[in-house]
Amino acid sequence: MAYDGSVEAAFFDLDKTIISRSSSLALGRPLYRAGMVSRGQLMRGAYAQLVYLLVGADEARMERLKEGMLQLTKGWDRGQVERLVQDVMLDVIDPFVYQEALDLIAEHQAAGRRIYIVSSSPEEVVRPLARHFGVSGVIATRAQVGPDNRYTGELEFYAHGQQKADAIRALADRDDIDLLGCYAYTDSITDVPMLEAVGHPVAVNPDKDLRHVADEREWEIRDFDNPVRLRSRIAEAVPPKRAGVAAAVVGAVAVGSVLVWVSLRARERRALA
């Protein structure tokens, strides 16, 4: 579909594109400390985070993650979740923001393009991060909330796959955005419709299937590998040494591995009992 508008934009996926981990799964420990998830749920979240880092998320994994999150959050008070996210999100995500993504966002903004984050993560997670990145807006998953301001376990909108592309096109129609002049950045094969919606698709840290599609279609491929501290960037301070950041990432993966090992050993003992 062609657009006659003069406005251009850049659309960024969040997880493994702007940040090097899953934003939703990263909230596991703060939710546990707040008494909102159990130790077992925390351990399963650590395992899911490890799989996500090493393997990525295909359609089946995304569907399981979505259903698990919906059941987990059913009955939670939305206000309590928003306050918790506001309090901890920057601390949780701070060491895992890609320098390359920040540079690209700055380049697009300098060129006069609007910046949007397009993520399957919940709005409650994406919007606080978007404010820190200074972007124009977000397209994110919206959970249904009942009259008591508690989550019902259903979704109003799931920002995934084709739905992301449909939302981008609706935004373009509403705001007179020329999609042929727009850019999109993502890591997952599930986001091919999002990449197809713009004139300049870019695969970032692509999973195996997306890399194959990008090679076939001669799409640009970029590999981001330099996480930095967002608050240091905001304060225009010197970024931490890369070795320190790398150690933090390795440490996080190591902790996740230990939790998974403990969980598996506990299952074995129960099976033998």
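In case you missed it, the structure is sitting above this.
Calculation rules
Residues numbered from 1 in each chain as written. Predicted model: local features only at pLDDT ≥ 70, side-chain atom pairs only at ≥ 80, totals over all residues. Heavy atoms only, no water. Helix = DSSP H or I, 4+ residues; strand = E, 2+ residues; numbered from the N terminus. Buried < 20%, exposed > 50% of the residue type's maximum accessible area, 1.4 Å probe, protein only. Contact = heavy atoms within 4.5 Å. Areas by Shrake-Rupley, 256 points an atom, 1.4 Å probe, with all protein chains shown as cover. Pairing = 2+ DSSP bridges. Axes fitted to C-alpha atoms, helices over the stretch in contact; angles between N-to-C directions. Polar contact = N/O pair within 3.5 Å; in protein donor to acceptor, adjacent residues only side chain to side chain. Salt bridge = Lys/Arg side-chain N within 4 Å of Asp/Glu carboxyl O. Core = buried A, V, L, I, M, F, W, Y, C linked by side-chain atoms within 4.5 Å.

A. Region of the structure containing the overall build of the chain. The number of helices and strands found in the chain is eleven helices and nine strands. A total of 273 residues make up the chain; the buried ones form 49% of that total. Intrachain contacts of the chain at a sequence separation of at least 6 include 64% that bridge at least 24 residues. Carbon and sulfur atoms make up 51% of the accessible area of the chain, which amounts to about 13700 Å² in all.

B. The sheet that holds strand S6 (residues 183-186), seen in detail. Reading across from one edge, S5-S4-S3-S1-S6-S7-S8 is the order of the seven strands in this open sheet, with mixed pairing throughout. The outermost strands of the open sheet, each flanked by one partner alone, are strand S5 (151-157) and strand S8 (220-222). On average, each strand axis in the sheet is inclined to that of its neighbour by 25°, with strand direction left out of account. By the bridge criterion, three bridges tie strand S1 (residues 9-12) to S6 in an arrangement that is parallel. Within S6, the residue paired with Phe 12 across the bridge is Tyr 185. Across the sheet, helix H7 (residues 162-175) lies against S1, strand S3 (114-122), strand S4 (137-145) and S5, angled at about 145° from S3, the strand it touches most.

C. Fine view of the side chain of Asn 205. Relative to the elements of secondary structure, Asn 205 occurs in the loop between strand S7 (200-204) and helix H9 (208-217). A polar atom in the side chain of Asn 205 sits 3.4 Å from the side chain of Tyr 98. If we ignore the near neighbours within four places in the chain, the residues touching Asn 205 are Lys 16, Tyr 98, Asp 187, Arg 222, Asp 223 and Phe 224.

D. Broad picture of the side chain of Ser 119. The residue Ser 119 is located in strand S3 in this model. For Ser 119, a relative accessible area of 1% translates into the label buried. Within the structure, Ser 119 has its side chain in polar contact with the backbone nitrogen of Ser 121 (distance 3.0 Å). Not counting the four nearest positions on each side in its chain, Ser 119 is found in contact with Asp 13, Leu 14, Val 126, Ile 139, Ala 140, Thr 141, Ala 159 and Lys 164.

E. Examining the pattern of salt bridges more closely. The final tally for this structure, using the stated rule, is ten salt bridges. Taking the shortest distance from any N to any O, the salt bridge between Arg 113 and Glu 8 comes out at 3.1 Å. On the criterion of sequence distance, the pair formed by Arg 113 in the loop between helix H5 (99-110) and S3 and Glu 8 in the segment before S1 is long-range, its members being 105 residues apart. Residue class for Arg 113 comes out buried when judged on its relative accessible area of 18%. On the basis of relative accessible area, Glu 8 is assigned to the partly exposed category, the value being 26%. The residue Glu 196 makes a salt bridge to Arg 217 at a minimum N-O spacing of 2.6 Å. Remark: Arg 217 occurs in helix H9 and Glu 196 occurs in helix H8 (residues 192-196); sequence separation between them is 21 residues. Glu 196 gets classed as partly exposed once you look at its relative accessible area, which sits at 41%. In the salt-bridge network here, residues are joined through shared partners; they are Asp 13, Lys 164 and Asp 191.

F. Representation of the nonpolar core in the model. Core analysis: the biggest nonpolar cluster contains 28 residues, and Phe 12, Leu 14, Ile 18, Val 97, Ile 117, Phe 133 and Tyr 185 have the highest contact counts within it. Setting aside anything within four residues of it in sequence, one finds Tyr 185 in contact with Ala 10, Phe 11, Phe 12, Asp 13, Thr 17, Leu 104, His 108, Met 194, Leu 195, Val 202 and Val 204. Core analysis: the next-biggest nonpolar cluster, separate from the first, contains 24 residues, Ala 159, Ala 203, Leu 210 and Ala 214 among them.

G. Fine view of the pairing of S6. Burial along S6 is two-sided: Tyr 183 and Tyr 185 and Ala 184 and Thr 186, pointing in opposite directions, are all buried. As paired elements, S6 and S7 share four bridges and run parallel to each other. Considered in S7, the bridge of Ala 184 is made with Pro 201.

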